[in-house]
Amino acid sequence: MLGGFSDERVTLPGGLGVRVRQAGEGPPVLLLHGYPQTHACWHAVAPRLVEAGFRVVAPDLRGYGGSDRPESAPDHAPYSKRAMAADQVALMDVLGHDRFAVAGHDRGGRVGHRLARDHPGRVSALSVLDIAPTEYMYRTAGATFATGYWHWFFLIQPAPLPERMIGGDPEGFVRGRIRDWSRGSAEAFQDAAMAEYVAAFDEGAVHATCEDYRASAGIDLDHDRADLGTRSQVPLQALWGTEGLVGRLYDVIAVWEEHFTHVEGHGLPCGHFLPEEAADGTAAALAGFFARHA
């Protein structure tokens, strides 16, 4: 996968090691993956963006894939979206990109949201894939949300409960979540991609990714609440799967308009994993949006 893309580890100031894939020439686009995946989720979209004239940068988030898994803290701040967003700014600094577009799926979208809030001068445009804002989703959570996204409440339980339960069959957990959230369309996922997700989901990643969710239910909410009542000027595109929970539960555009002044977007005929289930539509939407805001 991602033939023609470089594959390297970049050490950021402070010592965090990040695995990153890069290719292409033109305006830089930063692609951020979600849970329980790695940068490989972009394998069908990233080459299309290169063909469209962009420099594509696709890292593994801290705690995921081939990137380092720093020790956490009682408040889970090392896995806050603020910390993860700062990683991406530092990475783009090292790579020589002062201003760049961002596309984030799932957890990566939440990192992108925080990146646009904390570093608006660095982000030319932001596309969030199949999410609503974290604070809004927790604040409005009801039975449908809790049933469909039960993992939000499972993964935040104190360590080591979820870690030990997932550790009994981590491969089954990864494959099961992807199957369920994709509405069962397993044919959309390449064997090589699935193999990478499974291989990357070792004991350290299980704990780190639980810390990611624990941060979202705590310190991330503090950061999000501090922004309520203000709207970012960064242009935002929201894409979602019409067959997924986000598309069925929320008026996605209206929710994001509470947080950003310029919002556009649409649904795609798929479940949660847009970059793989609807690669053509996702790539076309990203290329068009980012070209207009390059």
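Coordinates for the structure precede this section.
The paragraphs below set out a description of the structure included in this document. Source: prediction; values computed, not measured.

Let's shift gears to the packing of aromatic side chains. A complete count under the given rule lists 17 aromatic pairs for this structure. Ring geometry for Tyr138 and Phe153: centres 6.1 Å apart, planes at 90 degrees, overall edge-to-face. Placement of the pair is Tyr138 in helix α4 (residues 134-139) and Phe153 in helix α6 (residues 151-154), with a sequence separation of 15 residues. Three or more aromatic residues link up through ring pairs in this structure, and these residues are Tyr35, Trp150, Phe154, Phe173, Trp181, Phe189, Phe201, Tyr213 and Phe273. Sitting over the face of the ring of Tyr213, Arg107 holds its NZ or CZ atom 3.7 Å from the ring centroid. Over the ring of Phe173 we find Arg177, and its NZ or CZ is 5.1 Å from the ring centre.

All right, on to the sheet that holds strand β8 (residues 263-268) then. Pairing between the strands of a sheet comes from backbone hydrogen bonds, and it takes one of two forms, parallel or antiparallel. One open sheet holds the eight strands; their spatial order is β1-β2-β4-β3-β5-β6-β7-β8, and the pairing between them is mixed. Of all strands in the sheet, those bounded by a partner on one side alone are β1 (6-11) and β8. Direction aside, the axes of adjacent strands within the sheet are offset by 20 degrees on average. Of the strand pairs in this sheet, strand β2 (residues 17-23) and strand β4 (residues 55-59) are connected by four bridges, and their pairing is antiparallel. The residue bridging Gln22 from the neighbouring strand is Val57, located in β4. Along the sheet face, helix α15 (residues 279-292) touches β3 (28-32), β5 (100-105), β6 (123-129), β7 (236-241) and β8 and points at about 160 degrees away from the line of β6.

With the rule as written, the count across this model stands at four cavities of 30 Å³ or more. Taken as a whole, the largest cavity encloses approximately 80 Å³ of empty space. Lining the largest cavity are Lys81, Arg82, Arg110, His113, Arg114, Thr134, Asp220, His223 and Asp224. Elements with a contribution of two residues or more to the lining of the largest cavity: α2 (81-95), α3 (107-118) and α11 (219-227). A per-class count over the lining of the largest cavity returns no nonpolar, three polar and six charged. By volume, the second largest cavity is sized at about 60 Å³. Every element with two or more residues in the lining of the second largest cavity is listed here: α3 and α6. For the lining of the second largest cavity, the residue count by class is seven nonpolar, two polar and four charged.

Mapped onto the fold, Pro27 is located in the loop between β2 and β3. Judged by relative accessible area, which is 33%, Pro27 ranks as partly exposed. Sequence spacing of Pro27 and Gly281 is 254 residues, and the spatial spacing of their C-alpha atoms is 20 Å. Look past the residues within four positions of Pro27 in its chain and what remains in contact with it is Gly53, Phe54, Arg55 and Ala294.

To continue, consider α2. Every α-helical turn comprises 3.6 residues, leaving residues that sit three or four positions apart pointing alike. Under the 1.5 Å per step criterion, the end-to-end length of α2 is 21 Å for 15 residues, consistent within 8% with the ideal 21 Å. A positive backbone phi angle near 90 degrees is found at Gly96, which sits one or two residues after α2.

Before going further, it helps to examine unusual backbone geometry. A cis amide bond links Tyr35 to the next residue, Pro36, at an omega of -5 degrees. Cis geometry marks the peptide bond from Ala159 to Pro160, where omega comes out at 5 degrees. Even without being glycine, Leu2 reaches a positive phi, approximately 55 degrees. Leu2 gets classed as buried once you look at its relative accessible area, which sits at 6%. Although it is not a glycine, His76 sits at a positive phi angle of roughly 65 degrees.

Every buried residue belonging to α11 is among Ile219, Asp220, Leu221, His223, Asp224 and Asp227, and all of these are buried. The secondary structure elements touched by the buried residues of α11 are α2, α3, α4 and α10 (203-216). Positioned one or two residues after α11, Gly229 has a phi angle of 90 degrees, which is positive.

Here the focus is the pattern of salt bridges. This model, assessed by the stated rule, comprises 24 salt bridges. The salt bridge partner of Asp280 is Arg48, with a shortest N-O separation of 2.6 Å. Of this pair, Asp280 sits in helix α15 while Arg48 is found in helix α1 (residues 46-51), placing the two residues 232 residues apart along the sequence. In this structure, the salt-bridge partner of Arg177 is Asp180, at a minimum N-O distance of 2.8 Å. Taken together, the residues span about one helical turn, with Arg177 and Asp180 both in helix α8 (residues 170-181) at a distance of three residues. For Arg177, a relative accessible area of 10% corresponds to the buried category. A relative accessible area of 34% means that Asp180 is categorised as partly exposed.

Conventions and cut-offs
- Residues numbered from 1 in each chain as written.
- Predicted model: local features only at pLDDT ≥ 70, side-chain atom pairs only at ≥ 80, totals over all residues.
- Heavy atoms only, no water.
- Phe/Tyr/Trp six-rings, centres within 6.5 Å; stacked < 30°, edge-to-face > 60°.
- Helix = DSSP H or I, 4+ residues; strand = E, 2+ residues; numbered from the N terminus.
- Lys NZ or Arg CZ within 6 Å of the ring centre and 35° of its normal.
- Pairing = 2+ DSSP bridges.
- Axes fitted to C-alpha atoms, helices over the stretch in contact; angles between N-to-C directions.
- Contact = heavy atoms within 4.5 Å.
- 1 Å grid on protein atoms, 1.4 Å probe; cavity = no way out; pocket = protein on both sides within 12 Å on 5 of 7 lines; lining within 4 Å.
- Points joined across faces, edges and corners; volume = space filled by probe spheres on them.
- Nonpolar A, V, L, I, M, F, W, Y, C, P; charged D, E, K, R; others polar.
- Buried < 20%, exposed > 50% of the residue type's maximum accessible area, 1.4 Å probe, protein only.
- Expected span 1.5 Å × (residues − 1).
- Salt bridge = Lys/Arg side-chain N within 4 Å of Asp/Glu carboxyl O.

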